[in-house]
Amino acid sequence: MNSQQQYIDLYTACRDLICRHSTEPMNAVRDEAFDHFRRLGFPTQKVERYKYTDMARLFAPDYGVNLQRINVDADPYEAFRCDVPNLSTNLYFIVNDAFYGKARPKAPLPDGVVVGSLRDHPDIAARYYARLAHSADDAVTALNTMLAQDGLLVYVPRGVRVERPLQVINILKNPLDATRLPDGGGLMVNRRVLIVVEEDAEVKMLFCDHAADDRPFLTTQVIEAHVADRAALDLYCLEETHSKNVRVSNVYVDQQRDSRVRHNVITLHNGITRNRLDLTLSAPGAECGCYGCVIADKQQHVDNNTLITHRAPHCTSDELYKYVLDGQATGAFAGRVLVEHGAQQTTSQMTNQNLTATREARMLTQPMLEIYADDVKCAHGCTVGQLNDAALFYMRQRGIAEHEAKLLLENAFVCEVIDKMQLEPLRNRLHYLVEKRFRGELSKCEGCKLCK
């Protein structure tokens, strides 16, 4: 059976069950997404946006899917008890794809702000769900839309500023008896996130991905973010999973007049990761900063694919992705900036810089500009290389061991991306985690069952 057919058969056999455990706004677009998925199939590597990752191979194994919603209320604190420094955030949990609503942060949210399950807020979901993530354009988005049964809703009403950042811990945990899963005990998770920031509102969000079980996981994630006039959204995504984890994440952002978005994606531990970002500057004055940091070794694979579309004049985009690859790791970056007709006075900068520490590590990079306006300031560039031998020699001459000198240079290389983050506690925490990562250490916090 090919990769596509097993999901077609799954949906055909279980459609009613999927709908019964979901909500009407999600069900309303499910059949259409199924038709699109059946038409598209998984993209081959001949498709430009998927040329660096074999999607059919990722989805080929027979993963279990928790369509019966068994133990979706499992206590996340039993799986995740890391003693991390206080980041002064409002803390929420998503167990696989289900919002954990039994424990709420002690700090109250401003009036009108909603953080909860999509199933509990069908009125908001009906207005915004699947408006940016078009299943007709992408098979992974179509697959997620036809199978997702729940998701996270973050809604910030007009004029409200959420002072305390929202931290969402995504925990991958097998809720089923292992005997009920296919060979290897793998689990597929289809996670959905809807973020709505209305006019003159502001919110900062941190997503942390962790795996609480030492078994294979396949995660599809679709995030939609609507950012209205003069609104601001900071979106930080940190992955610390394990080598058996496959993560395919599609993020769709739409910005309106004079809005501001910062999107940071940090990959510290993973198996195979494929991140897609589609960000559209739809009205004048919008600005965005898109930043990524990847540290990979062994046989890890990290593919970041971005598309920033300047649809309106007087908009600004800044993009910086940095990779440090060791062992036999593979990194890929394909970034495209599209300046449409009429998007005059556009300012855009895209930079991709990479270090390969071994001959076996591979970096594939493809920065692209596509411009249909004549009054713009756009630039792009990429570098692939190794650590500076002169700098290493200079440090060793002053008594610094070679391993320590290498670590200091690698740390300094990625710090530029980390320092783009506006949350100082998170910035400090990431500096600590990155240093431990370069030293070959997992973040072993007290009580964490994964990292023992």
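Conventions adopted
Residues numbered from 1 in each chain as written. Predicted model: local features only at pLDDT ≥ 70, side-chain atom pairs only at ≥ 80, totals over all residues. Heavy atoms only, no water. Helix = DSSP H or I, 4+ residues; strand = E, 2+ residues; numbered from the N terminus. Contact = heavy atoms within 4.5 Å. Areas by Shrake-Rupley, 256 points an atom, 1.4 Å probe, with all protein chains shown as cover. Salt bridge = Lys/Arg side-chain N within 4 Å of Asp/Glu carboxyl O. Buried < 20%, exposed > 50% of the residue type's maximum accessible area, 1.4 Å probe, protein only. Pairing = 2+ DSSP bridges. Axes fitted to C-alpha atoms, helices over the stretch in contact; angles between N-to-C directions. Polar contact = N/O pair within 3.5 Å; in protein donor to acceptor, adjacent residues only side chain to side chain.

Draft legend 1. Structural context of the overall build of the protein chain. Per the secondary structure count, the protein chain includes nine helices and 20 strands. For the protein chain, the proportion of contacts with a sequence separation of at least 24, taken over those separated by at least 6, is 84%. Here the protein chain displays about 18,500 Å² of accessible surface, and carbon together with sulfur accounts for 46% of that area.

Draft legend 2. Spatial organisation of the pattern of salt bridges. Applying the stated criterion across every chain yields a total of 25 salt bridges. When the shortest N-O distance is used, the salt bridge between Arg 49 and Asp 278 registers 3.0 Å. Taken together, the residues Arg 49 in the loop between helix H3 (30-40) and helix H4 (55-58) and Asp 278 in strand S13 (residues 272-281) connect sequence positions 229 residues apart. Here Asp 209 and Arg 191 are joined by a salt bridge, their closest N and O atoms 3.7 Å apart. Of this pair, Asp 209 sits in strand S8 (residues 202-211) while Arg 191 sits in strand S7 (residues 187-197), and the two are 18 residues apart along the sequence. For Asp 209, a relative accessible area of 5% puts it in the buried group. Because the salt bridges share partners, they merge into one network encompassing Arg 49, Asp 138, Arg 276 and Asp 278.

Draft legend 3. Molecular detail of the sheet that holds S8. On the basis of which strands lie adjacent, the open sheet formed by 10 strands has the order S3-S2-S6-S8-S10-S12-S14-S16-S18-S20 and mixed pairing. In this open sheet, the two edge strands, each paired with only one partner strand, are strand S3 (98-99) and strand S20 (376-385). Strand direction decides the pairing type here: strand S18 (residues 346-356) and S20, joined by 10 bridges, are parallel. Within S20, the position partnered with Thr 351 by the bridge is Gly 381. Across the sheet, helix H9 (residues 424-438) lies against S8, strand S10 (232-240), strand S12 (260-269), strand S14 (287-296) and strand S16 (316-325), angled at about 25 degrees from S12, the strand it touches most.

Draft legend 4. How the structure looks around the environment of Lys 204. The topology assignment puts Lys 204 in strand S8. We classify Lys 204 as buried; its relative accessible area is 17%. Not counting chain neighbours up to four residues away, the residues in contact with Lys 204 comprise Pro 165, Leu 166, Asp 234 and Leu 423. In this structure the side chain of Lys 204 is engaged in a polar contact, spanning 3.3 Å, whose partner is the side chain of Glu 202.

Draft legend 5. Local environment of the environment of Val 417. Along the chain, Val 417 turns up in helix H8 (residues 402-418). For Val 417 and Val 294, which are 123 residues apart along the polypeptide, the C-alpha to C-alpha distance reads 10.0 Å.

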